[in-house]
Amino acid sequence: MKTKIKNTANTLLKQSMSITYTVISTIIVFFIFGIIINIFSLIFLYGEIKILLFEGSVVSNIIGIFIIFLFLFFLPFVYLFFGKKHGIQKAVLKIISQKKSFITEYLLDKLFERINNKENIRKKINEIIPLYFEKINNMPLIMRIIFNFLARYINFIDIIKSSVDEQSEEENFDMKKFSQSVSVKVNEALDDKFFSTDLTWLWILMFINIFIVILVKILI
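What counts, and where the lines are drawn
- Residues numbered from 1 in each chain as written.
- Predicted model: local features only at pLDDT ≥ 70, side-chain atom pairs only at ≥ 80, totals over all residues.
- Heavy atoms only, no water.
- Helix = DSSP H or I, 4+ residues; strand = E, 2+ residues; numbered from the N terminus.
- Buried < 20%, exposed > 50% of the residue type's maximum accessible area, 1.4 Å probe, protein only.
- Contact = heavy atoms within 4.5 Å.
- Areas by Shrake-Rupley, 256 points an atom, 1.4 Å probe, with all protein chains shown as cover.
- Phe/Tyr/Trp six-rings, centres within 6.5 Å; stacked < 30°, edge-to-face > 60°.
- Axes fitted to C-alpha atoms, helices over the stretch in contact; angles between N-to-C directions.
- Parallel < 35°, antiparallel > 145°, perpendicular 65-115°, else oblique.
- Nonpolar A, V, L, I, M, F, W, Y, C, P; charged D, E, K, R; others polar.
- Core = buried A, V, L, I, M, F, W, Y, C linked by side-chain atoms within 4.5 Å.
- Salt bridge = Lys/Arg side-chain N within 4 Å of Asp/Glu carboxyl O.
- Expected span 1.5 Å × (residues − 1).
- Bend = angle between axes of the 7 residues up to and from the residue.

The next subject is the overall build of the protein. A tally of helices and strands in the protein yields nine helices and zero strands. Going from N to C terminus, the protein has its helices and strands arranged as α-α-α-α-α-α-α-α-α. Of all 220 residues assigned to the protein, the portion counted as buried reaches 39%. The long-range fraction of contacts in the protein, counting pairs at least 24 apart against all pairs at least 6 apart in sequence, stands at 77%. Of the roughly 13800 Å² of accessible surface on the protein, 63% is carried by carbon and sulfur atoms.

A separate point is the packing of aromatic side chains. Under the defined criterion, the tally for this structure stands at seven aromatic pairs. Ring centres of Phe 33 and Tyr 79 lie 5.8 Å apart, and the angle between their planes is 75°; on these two criteria the pair is classed as edge-to-face. Of this pair, Phe 33 sits in helix α1 (residues 2–44) while Tyr 79 sits in helix α3 (residues 58–98), and the two are 46 residues apart along the sequence. You can call Phe 33 partly exposed: its relative accessible area is 33%. Under the relative-accessibility criterion, Tyr 79 is labelled buried at 0%. Consider the rings of Phe 207 and Phe 211, whose centres lie 6.4 Å apart with planes at 20°: the pair is stacked.

Where α3 contacts helix α6 (residues 141–150), the axes come no closer than 10 Å and their chain directions differ by 90°. Comparing their axes, α6 and α3 come out roughly perpendicular. Along the contact surface, α3 presents Ile 88, Gln 89, Val 92, Leu 93, Ile 95 and Ile 96, while α6 presents Ile 142, Ile 145, Ile 146, Phe 149 and Leu 150. Its residues assigned to classes, the contact of α3 with α6 comprises ten nonpolar, one polar and no charged.

This part covers the side chain of Glu 48. Secondary-structure assignment places Glu 48 in helix α2 (residues 46–54). For Glu 48, a relative accessible area of 11% corresponds to the buried category. Setting aside its immediate chain neighbours within four residues, Glu 48 contacts Val 216, Lys 217 and Ile 220.

To continue, consider the nonpolar core. One finds Ile 96, Met 143, Ile 146, Phe 147, Leu 150 and Phe 178 to be the most contacted residues of the largest nonpolar core, which totals 34 residues. When residues of this core are traced back to their parent elements, those giving at least two are α1, α3, α4 (100–112), α5 (121–134), α6, α7 (156–165) and α8 (175–192). In this structure, Leu 45, Ile 67, Leu 70 and Phe 71 belong to the second largest nonpolar core, which totals eleven residues.

You can see Val 29 is positioned in helix α1. Between the C-alpha atoms of Val 29 and Leu 80, which are 51 residues apart in sequence, the distance is 8.5 Å.

For the structure on display, the rule yields one salt bridge. One salt bridge in this structure joins Glu 48 and Lys 217, with 3.3 Å as the shortest N-O distance. One end of the pair, Glu 48, is in helix α2; the other, Lys 217, is in helix α9 (residues 200–219), and 169 residues separate them in sequence. A relative accessible area of 33% means that Lys 217 is categorised as partly exposed.

What follows is about the environment of Lys 123. Looking at where Lys 123 falls in the secondary structure, it is placed in helix α5. Look at Lys 123 and you get exposed, because its relative accessible area is 54%. It is 9.5 Å that separates the C-alpha atoms of Lys 123 and Val 164, two residues lying 41 residues apart in sequence.

On to α3, then. Spacing of three or four residues puts side chains on the same side of an α-helix, whose turn is 3.6 residues. Relative to the 60 Å expected for 41 residues at 1.5 Å per residue, α3 spans 59 Å between its end C-alpha atoms, a close match to the ideal helical length. Of all the bends in α3, the greatest measures close to 45° and is centred on Leu 70.

It is worth spelling out the environment of Asp 198 at this point. Within the secondary structure, Asp 198 sits in the loop between α8 and α9. Exposure remark for Asp 198: the relative accessible area of 39% places this residue in the partly exposed category. Each C-alpha atom of the pair Asp 198 and His 86 lies 7.7 Å from the other, and the pair is 112 residues apart in sequence.

Okay, structure coming up:
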């Protein structure tokens, strides 16, 4: 038991370090990309900004300062924000692909921890399931991130309930059979889903970036 707890802790620590590294490195890449693309935008708009700052009215000066702030500070930090989002998604997908069995085992272990004895197991599982997923915030951060992501695609409650219903009420509840059933169903559900990182929002952000540049170029 102690060995299993230690292995679980080690796995969680390794995955936490992995997700931290992936998120930080992705944030840095996106932030640098955001700075570069917006510096080039300012260079492209140099003539217009010069007019606003040195040849226009006070209102024009304010607009010029706002444009500089927009490209040098605001938009790069928007890229940073989406870099964080993309990094988390990328790290979670990597863990899911590499640690499917661990995720399923962890799910079951936490479920079984709430069953104090072997009497009325079927009833206890059915009572525990809704509360179990309502109290997901008690899990370590890495597992909360993973389960919150998977919950959008996989109905864990239905899987667990269907595995419970597979066993006859007239027979003693077989925990091993139940565990195997849940593991198979969860793994099949994961295999059926094609998880991939979504960069749609990045293209939208770049389009907005370019649109602002063209708009400033046309209006000034």
